[in-house]
Amino acid sequence: ASTITDYEALIKMLEKLRTQVEADGGPPKQFVKAIGALEDYIEKTHAEIQEKKSKGNKLPENKAKAFNTLRSKVKKGNKPYTDDLTQLRSNPEDFQSEEEAADSASEASQAAGSEDSASGSSESDSSSSSSDSSSDSDSDSSDSSSDTGGSDSSDSDSEPSFDDSDKSGSEDGDEDLARERKMLRWLITPEKLAEREKKAEVAKAKEAENKAKDQEKRARKKDKVEEGQKGTTHQRKGKDEPEEYTSKELTTKVTEIAQQRGRRGFDRKVYMEKLQKLLVHAAKHGPLEQLYIYASMVSADFDNTGSAFAAMKIEMWNEALQKVNKMLPLLIESHNLMKSGSEDKTSAGDTDVEDPKSHPRLQDLFLSFVEKLDDELYKALQFNSDVYGSEYHEILGNSSKCLVLLNRTLRYFEEVKEPQHLGSIAARLMEQLYYKPDTLNARVYEAIPHTMPEESKAHWVWPDDSKAYMGKLCHYVWAAGDVRLRRRACLCQAYHLALHDCFQPARDLLHLGNFAEQANESDVHTQILYNRVIAQIGLCAFRLGKITEAHNCLMDVCQYNKGRELLAQGLSYAKNMERSQEQERAERQRQLPYHMHINLEVLESAQHICAMLLEVPNIAMQAIDPSNKRIISKVLRRALEAYDKQQYSGPPETAKDSVVAAAKDLQRGDWAKACAQLEGLQLWHHIDTNHPENGEKVKAMITEKMKVEALRTYLFSYASIYDAFHLDQLVQMFSLDERTVHSTISKMMIKEEITAFWDESSKYVLVQHVEPSPLQRLAITLAERAVQAVENNERLVDLKSGGFAFKDGARAQPGLATEAKGKGRMGKGFDMKGDAKGAKGKGRGKGSFAGQPMRRAAGWENARAGALRGTQRGWSTGIRA
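Residues numbered from 1 in each chain as written. Predicted model: local features only at pLDDT ≥ 70, side-chain atom pairs only at ≥ 80, totals over all residues. Heavy atoms only, no water.

1. A closer look at the overall build of the protein chain
Then step 1. Along the protein chain, the regular secondary structure elements total 40 helices and three strands.
Then step 2. Out of the 881 residues in the protein chain, the part that is buried amounts to 38%.
Then step 3. For the protein chain, contacts bridging at least 24 residues in sequence account for 66% of all contacts bridging at least 6.
Then step 4. For the protein chain, the accessible surface area stands at approximately 52700 Å², while carbon and sulfur atoms represent 51% of it. (Helix = DSSP H or I, 4+ residues; strand = E, 2+ residues; numbered from the N terminus. Buried < 20%, exposed > 50% of the residue type's maximum accessible area, 1.4 Å probe, protein only. Contact = heavy atoms within 4.5 Å. Areas by Shrake-Rupley, 256 points an atom, 1.4 Å probe, with all protein chains shown as cover.)

2. A closer look at unusual backbone geometry
Then step 1. Residues other than glycine seldom take positive phi values, yet Lys417 does so here, at roughly 60 degrees.
Then step 2. The exposed category is assigned to Lys417, whose relative accessible area is 69%.
Then step 3. In this structure, Glu752 is a non-glycine residue whose phi angle is positive, near 60 degrees.
Then step 4. Relative to the assigned elements, Glu752 resides in the loop between helix H37 (738–750) and strand S2 (756–758).
Then step 5. Looking at Glu752, the relative accessible area reads 9%, which means it is buried.

3. Some details on a nonpolar patch on the surface
Then step 1. A contiguous nonpolar patch, built from Tyr718, Ile721 and Tyr722 and spanning about 300 Å² of accessible area, is present on the exposed surface.
Then step 2. Along the chain, Tyr718 turns up in helix H35 (residues 695–718). (Patch = residues over 30% accessible without salt bridge, like charges linked within 9 Å, V, L, I, M, F, W, Y side chains within 5 Å. Salt bridge = Lys/Arg side-chain N within 4 Å of Asp/Glu carboxyl O.)

4. Focus: the pattern of salt bridges
Then step 1. All chains considered together, the criterion is met by 30 salt bridges.
Then step 2. Of the charged contacts, one joins Lys699 and Glu696 as a salt bridge, the two residues approaching to 3.4 Å between their closest N and O atoms. Here the residue Lys699 and the residue Glu696 both occupy positions in helix H35, the gap between them amounting to three residues, near one helical turn.
Then step 3. By relative accessible area, Lys699 is classed as buried at 13%.
Then step 4. Residue classification places Glu696 among the partly exposed positions, given a relative accessible area of 48%.
Then step 5. A single network of salt bridges, built from pairs that share partners, joins Arg268, Asp301, Glu319 and Lys323.

5. Describing helix H23 (residues 483–499)
Then step 1. Between its terminal C-alpha atoms H23 stretches 24 Å, which fits the 24 Å expected from 17 residues at 1.5 Å a residue.
Then step 2. Within H23, 14 of the 17 residues are buried, which leaves the element mostly enclosed by the surrounding structure.
Then step 3. Where H23 begins, one side-chain oxygen reaches toward the backbone nitrogen of Arg484, 3.1 Å away; that side chain belongs to Asp482.
Then step 4. One or two residues past the end of H23 sits Asp501, with phi positive at roughly 65 degrees. (Expected span 1.5 Å × (residues − 1). Polar contact = N/O pair within 3.5 Å; in protein donor to acceptor, adjacent residues only side chain to side chain.)

6. Some points on a positive patch on the surface
Then step 1. A contiguous patch of positive charge, built from Lys546, Lys705, Lys747 and Lys751, is present on the exposed surface.
Then step 2. By the element assignment, Lys751 lies in the loop between H37 and S2.
Then step 3. Look at Lys751 and you get partly exposed, because its relative accessible area is 40%. (Lys, Arg positive; Asp, Glu negative; His and termini not counted. Charge placed at Lys NZ, Arg CZ, Asp CG, Glu CD.)

7. Overview of the packing of helix H15 (residues 314–340) against helix H19 (residues 399–416)
Then step 1. Two elements in contact, H15 and H19, have axes whose closest approach is 11 Å; the angle formed by their N-to-C orientations is 15 degrees. When the axes of H15 and H19 are compared, the pair comes out roughly parallel. Between H15 and H19 lies a crossing of left-handed hand. Two secondary-structure elements touch here, H15 through Trp317, Asn318, Leu321, Val324, Asn325, Leu328, Pro329, Leu331, Ile332 and His335 and H19 through Lys401, Cys402, Leu405, Arg408, Thr409, Tyr412 and Val416.
Then step 2. Here the contact of H15 with H19 is built from residues that sort into eleven nonpolar, four polar and two charged. (Axes fitted to C-alpha atoms, helices over the stretch in contact; angles between N-to-C directions. Parallel < 35°, antiparallel > 145°, perpendicular 65-115°, else oblique. Left-handed = near helix turned anticlockwise from the far one by under 90°. Nonpolar A, V, L, I, M, F, W, Y, C, P; charged D, E, K, R; others polar.)

8. Digging into the nonpolar core
Then step 1. By size, the foremost hydrophobic cluster in this structure holds 165 residues, and its most contacted members are Phe542, Ile609 and Met612.
Then step 2. When residues in this core are grouped by element, the largest group, 13 residues, is from helix H30 (residues 600–624).
Then step 3. Not counting chain neighbours up to four residues away, the residues in contact with Phe542 comprise Ala550, Ala606, Ile609, Cys610, Leu683, Trp684, Ile687, Val698, Met701 and Ile702.
Then step 4. Counting 16 residues, the second largest nonpolar core, distinct from the first, contains Ile4, Ile42, Ile49 and Val74. (Core = buried A, V, L, I, M, F, W, Y, C linked by side-chain atoms within 4.5 Å.)

9. Some remarks on the environment of Leu491
Then step 1. You can see Leu491 is positioned in helix H23.
Then step 2. Exposure remark for Leu491: the relative accessible area of 1% places this residue in the buried category.
Then step 3. C-alpha separation for the pair Leu491 and Asn531, spaced 40 residues apart in sequence, amounts to 9.8 Å.
Then step 4. Beyond its immediate stretch of four places on either side in the chain, Leu491 contacts Leu510, Phe515, Thr526, Leu529, Tyr530 and Val533.

10. Let's talk about the environment of Trp460
Then step 1. Note that Trp460 resides in the loop between helix H21 (438–447) and helix H22 (466–480).
Then step 2. Distance from Trp460 to Ile448, taken between C-alpha atoms, is 7.2 Å for residues twelve residues apart in sequence.
Then step 3. The contacts of Trp460, once residues within four sequence positions are left out, are Leu403, Val404, Asn407, Tyr445, Ile448, Pro449 and Met452.

11. A few points about the pairing of strand S3 (residues 764–767)
Then step 1. Only one face of S3 is buried, namely the one carrying Val765 and Val767, since none of Tyr764 and Leu766 on the opposite face is buried.
Then step 2. Relative to S3, strand S1 (residues 724–726) is paired through three bridges, and the arrangement is antiparallel. When the bridges of S3 are listed, Phe725 appears paired with Val765.
Then step 3. Where S2 meets S3, three bridges bridge the pair, whose relative direction is antiparallel. The residue bridging Trp758 from the neighbouring strand is Val765, located in S3.
Then step 4. Here S2 hands over to S3 after five residues, with Ser762 in that stretch at a positive phi of 60 degrees. (Pairing = 2+ DSSP bridges.)

12. Some details on the sheet that holds S1
Then step 1. On the basis of which strands lie adjacent, the open sheet formed by three strands has the order S1-S3-S2 and antiparallel pairing. A single partner strand is all that each edge strand has here, and the edge strands are S1 and S2. Along the sheet, successive strands turn relative to each other by an average axial angle of 20 degrees, direction set aside.
Then step 2. Along the sheet face, H37 touches S2 and S3 and points at about 135 degrees away from the line of S2.

13. Looking at a negative patch on the surface
Then step 1. Together, Glu315, Asp386, Glu391 and Glu394 make up a region of like negative charge exposed at the surface.
Then step 2. Position of Asp386 among the secondary structure elements: in the loop between helix H17 (359–382) and helix H18 (390–397).

14. Topic: the environment of Ala550
Then step 1. Residue position: Ala550 is located in helix H27 (residues 547–558).
Then step 2. In this structure, the C-alpha to C-alpha distance between Ala550 and Leu539, residues eleven residues apart in sequence, is 6.6 Å.
Then step 3. When neighbours within four sequence positions are excluded, Ala550 is seen to be in contact with Gly538, Ala541, Phe542 and Cys610.

15. Focus: the packing of aromatic side chains
Then step 1. Going through the model one piece at a time under the given rule, you end up with 14 aromatic pairs.
Then step 2. Arranged with centres 5.1 Å apart and planes meeting at 50 degrees, the rings of Tyr714 and Tyr718 form a pair that is tilted. Residue Tyr714 and its partner Tyr718 are both found in helix H35; the two are separated by four residues, about one turn of the helix.
Then step 3. Summarising the aromatic geometry, the rings of Tyr714 and Phe734 are spaced 5.7 Å apart at their centres and angled 65 degrees between planes, so their arrangement reads as edge-to-face. Here Phe734 lies in helix H36 (residues 727–734) and Tyr714 lies in helix H35, a separation of 20 residues in the sequence. As far as burial versus exposure is concerned, Tyr714 and Phe734 are alike and both buried.
Then step 4. By the ring-pair criterion, three or more aromatic residues cluster together here, those being Tyr714, Tyr718, Tyr722, Phe725 and Phe734. (Phe/Tyr/Trp six-rings, centres within 6.5 Å; stacked < 30°, edge-to-face > 60°.)

16. Some points on H37
The α-helix winds at 3.6 residues per turn, so residues separated by three or four positions along the chain end up facing the same way.
Then step 1. Here H37 is 13 residues long and its end C-alpha atoms lie 18 Å apart, about the 18 Å a rise of 1.5 Å per residue gives.
Then step 2. By the burial criterion, the buried members of H37 are Val741, Thr744, Ile745, Ser746, Met748 and Met749.
Then step 3. Against the buried residues of H37 lie H35, H36, S2 and S3.
Then step 4. Within two residues after H37, Glu752 carries a phi angle of roughly 60 degrees, on the positive side.

17. Some points on the side chain of His608
Then step 1. Topologically, His608 is positioned in helix H30.
Then step 2. On the basis of relative accessible area, His608 is assigned to the buried category, the value being 13%.
Then step 3. In this structure, His608 is in contact with Val635, Lys656 and Val659, ignoring residues within four places of it in sequence.

Set out below in structure tokens:
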């Protein structure tokens, strides 16, 4: 059993070292000798067993079974090495181990050295006759003179010998002599020191000799490997490779090699080397054979792509990219041959889609490889945690290589005019370009031609009108017919338009395509892209001064503090919100790479500023018109209420605090201080990524807006105090030009926000004091609430006793009658007939309210109707949109 185990372990170990064994030209000689000796021994033993069996002496059953098992395993295991065993039996000298000969020579030299040292030690110990001279040689040599003197003198007890000391120590128990003997053992004599030096020299010489043999052996192995690579000598091969392959044989060989993928013990390096050797033969048959081999190699590269949360290593990604780049010229050549008709369709199998070497099949494989490379690069950027490290920058630098591949593939499919593949590649290219401003794309396109050949540099010029280029790509996607790709392409185009301050085209594209409803029916990634488009359109409107549109867009994204989650720029952790592991994994998979993020601080700052410019005048207007219940920004109102409740208000710490402090200053009419509060925001440096210098222009525009809103707030707050305002005084107070002030006040008059008019010279604003006083407002409010209470009481009584609804219904249908009398839900004696007099019984009144009409609101609107019958229009109860 132990022999079987050892033999199987030996065979398995050689199988693991198959690559090295093939490089060395065959199995080691010692291995061949071992298995040959084992086979000879088994055959000899088998012959002996047969002789004994013929004489009647049989082995026990268990031993016979074990021997037969060993014999069959050895016969089966030695079968691949039949040639080596035959050579061993014919020429055993060739299998003589050089290492054994060298070891025997070194042992002989070592034995000679030991004899010389032994003779020297015998001469030095000739004066000593101790029985334990091997252990006490040092003490004997050091005390030779004392022993000699002891032998000459008549008193032999003065210097006792070691034997005497041992005997006396054992007999008399003299501990001092025993201790002295033990200490003398560690004494180093000159003779022993010389012996040690001699042994060290012998060991050093042996080590140098072994090192030289190792170097010689490595050189021989290297020569054998080089010879094997060149194909000049093949000491051992299972089968000699032919010098030429036919197309069918080459396909069969590649398929056979490709089937090794996924098996146990698969070596990717050896796999690639074998396919690389076949490329030389494939070049003689045309581009399809080469494409087939490259496809097998790239497929093996993608076998190690990692899990859903582990991206492909960037080194492996670059190797696969190089092979895919080599496939494109071959694909173009194959298409040209197929188009010209010079390709033999019967042999190439162009018309047979099932043929692994058909042009359509290889073209589809090439497209899938390009998409896989793009996905793996995106995943590498997505799951890299250190966004400021060198690894992330290295991966991001490789995105230009992917951009080159996508552009070359797009030009190829433009030439072959295949709309399905063209739309897929155009969508990938749009995903690479839509979120980048023109300045960044132009610099990338300027850097790429430095690594390109001269004839390809003309293709790498970023167009002056990038919006038209994105529109062209979008048309390619629409021609493909994929619904999801169409939606994403339109959203990418809208994002690109908004990024370059084209607010109206971007908004029209969203509205005409009805993408607000379509996004809710789409997948999560499309919904995230739609949210990004809305956020970018909001920033575009803010840059252009469209405050209302910007607030509406940004409020959808920034409301409820879910901007980070809606834009897939991180996970938002709420106190009462728990996620399962599956939900957290799904959210991690949909996160965007860091370089695609939209600055959340910019979004929130712009949204708060828009809310301030709209809400502060609205609050001032509601102070004089309580019927106006409109709330534009609840977030800003809560922040203002919290600010008022603070006993001490320190300097603002965040962007939101700065906007709230500016809103309070704006309510007081101090526009200069409000502008100073917003001066230090980072918003102005990042609001326009395409042209960072435009931040100052946007800040100047917002300052003008704040002056105008301060003017409106001032008029709302103090119109009831003044009879007239001089135009020059308002111009001086708010640092606005006359035209702006005149235009602003005129708009307020047209919208009936104030009851005022210009005089004949248009220099004075004359205010009509028809607004109620505070006491009148309270009285009006009390009257309205009293009327509402009366109506509520009437409705309650009607619900309990029958209500106007039933009377009106009976009046409208005089033929309707019922026999329900008595203790029904309507009360005792209730009779629903056509008149109002048939109601008798408990729970019914006399019907005094039956003929009365519904009461109308008796508020200030009715009270002022007679007072405002002149030519001037009165105070409006709300803002007309």
